[in-house]
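# Reading the structure
One-letter residues, chain by chain:
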Amino acid sequence: RILAAAPSAAAAAAGAPRLVETTFGRLMQLRVDERILMLAYFFLVFTCRLLLRSNLVDELHWALVMALEDGLSLMSFLFGLFYLHWSNGAPLALLAKCVAASPEAAAAAAAA
């Protein structure tokens, strides 16, 4: 009975998107200005890159350096997803408009 009450790994993984959605929802409720968020992101990336280029990185554990490097990549991907979510996909619509010369050409390419 104790094992049945413990949350499974699948249940914990299902809760992760909810946590992300509530965090993004709180940011949107607070009406965080996009410029402030972008400046904070660029400052954080610039600071981490300076740290990774400095001599201090030689004294850090290799796992911490790896986590910083991989975290920067994941953070930029998540920031891009957040921006697309926040703008309701407007950048993707602009890209689709630039790629398709005309709606007729886009429809013909999709049909082929």
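Remember, it's a predicted structure, so these values are computed and weren't measured experimentally. (Residues numbered from 1 in each chain as written. Predicted model: local features only at pLDDT ≥ 70, side-chain atom pairs only at ≥ 80, totals over all residues. Heavy atoms only, no water.)

### Structural notes on the overall build of the chain
From N to C terminus, the chain includes six helices and zero strands. When the helices and strands of the chain are placed in sequence order, the string is α-α-α-α-α-α. Buried positions account for 12% of the 112 residues belonging to the chain. Put simply, 59% of the contacts in the chain that link residues at least 6 apart link residues at least 24 apart. Summing over all exposed atoms, the chain offers an accessible surface of approximately 9,400 Å²; the carbon and sulfur share of this is 69%. (Helix = DSSP H or I, 4+ residues; strand = E, 2+ residues; numbered from the N terminus. Buried < 20%, exposed > 50% of the residue type's maximum accessible area, 1.4 Å probe, protein only. Contact = heavy atoms within 4.5 Å. Areas by Shrake-Rupley, 256 points an atom, 1.4 Å probe, with all protein chains shown as cover.)

### Re the nonpolar core
Core analysis: the largest hydrophobic core is formed by eleven residues, namely Leu37, Tyr41, Val45, Cys48, Leu52, Val57, Val65, Leu72, Phe79, Phe82 and Trp86. Contributing elements (two or more residues each) for this core: helix 3 (34-53) and helix 4 (62-86). Setting aside anything within four residues of it in sequence, one finds Leu72 in contact with Val45, Cys48, Arg49 and Leu52. (Core = buried A, V, L, I, M, F, W, Y, C linked by side-chain atoms within 4.5 Å.)

### Structural notes on helix 3
Compared with the 28 Å implied by 1.5 Å per residue over 20 residues, the 28 Å span of helix 3 between its first and last C-alpha is a close match. Along helix 3, the residues classified as buried are Leu37, Tyr41, Val45, Cys48 and Leu52. Buried residues of helix 3, viewed axially, fall in a sector of 65 degrees; they line one side. Exposed positions of helix 3 whose direction lies more than 90 degrees from the buried face are Arg35, Ile36, Leu39, Phe43, Phe46 and Arg53. On its buried side, helix 3 packs onto helix 4. (Expected span 1.5 Å × (residues − 1). Arc of directions from axis to C-beta.)

### Structural notes on the confidence of the model for the chain
Note: predicted coordinates in regions of low pLDDT should not be interpreted at a detailed level. Overall, the predicted model of the chain reaches an average pLDDT of 74, with 60% of residues at or above 70. Low pLDDT, under 50, characterises residues 1-6; the predicted model gives this stretch zero contacts beyond four residues in sequence or across chains. (pLDDT = per-residue confidence, 0-100.)

### Topic: a nonpolar patch on the surface
Together, Met38, Phe42 and Tyr83 make up an exposed nonpolar region whose accessible area comes to about 280 Å². Note on placement: Phe42 falls in helix 3. (Patch = residues over 30% accessible without salt bridge, like charges linked within 9 Å, V, L, I, M, F, W, Y side chains within 5 Å. Salt bridge = Lys/Arg side-chain N within 4 Å of Asp/Glu carboxyl O.)

### With respect to empty space enclosed by the protein
One pass over the structure, following the stated rule, counts one cavity of 30 Å³ or more. As for the largest cavity, its lining consists of Glu34, Leu37, Met38, Phe79, Phe82, Tyr83 and Trp86. Listed by contribution, the elements that provide at least two residues to the lining of the largest cavity are helix 3 and helix 4. In terms of residues, the lining of the largest cavity owes the most to one element, helix 4, which gives four residues. For the lining of the largest cavity, the residue count by class is six nonpolar, no polar and one charged. (1 Å grid on protein atoms, 1.4 Å probe; cavity = no way out; pocket = protein on both sides within 12 Å on 5 of 7 lines; lining within 4 Å. Points joined across faces, edges and corners; volume = space filled by probe spheres on them. Nonpolar A, V, L, I, M, F, W, Y, C, P; charged D, E, K, R; others polar.)

### A word on the packing of aromatic side chains
Applying the stated criterion across every chain yields a total of two aromatic pairs. Taken together, a centroid distance of 4.4 Å and an interplanar angle of 5 degrees make the contact between Tyr41 and Phe79 stacked. Of this pair, Tyr41 sits in helix 3 while Phe79 sits in helix 4, and the two are 38 residues apart along the sequence. Judged by relative accessible area, Tyr41 falls into the buried class, the value being 14%. A residue is classified by how much of its surface remains accessible, and Phe79, at 17% relative accessible area, is buried. (Phe/Tyr/Trp six-rings, centres within 6.5 Å; stacked < 30°, edge-to-face > 60°.)

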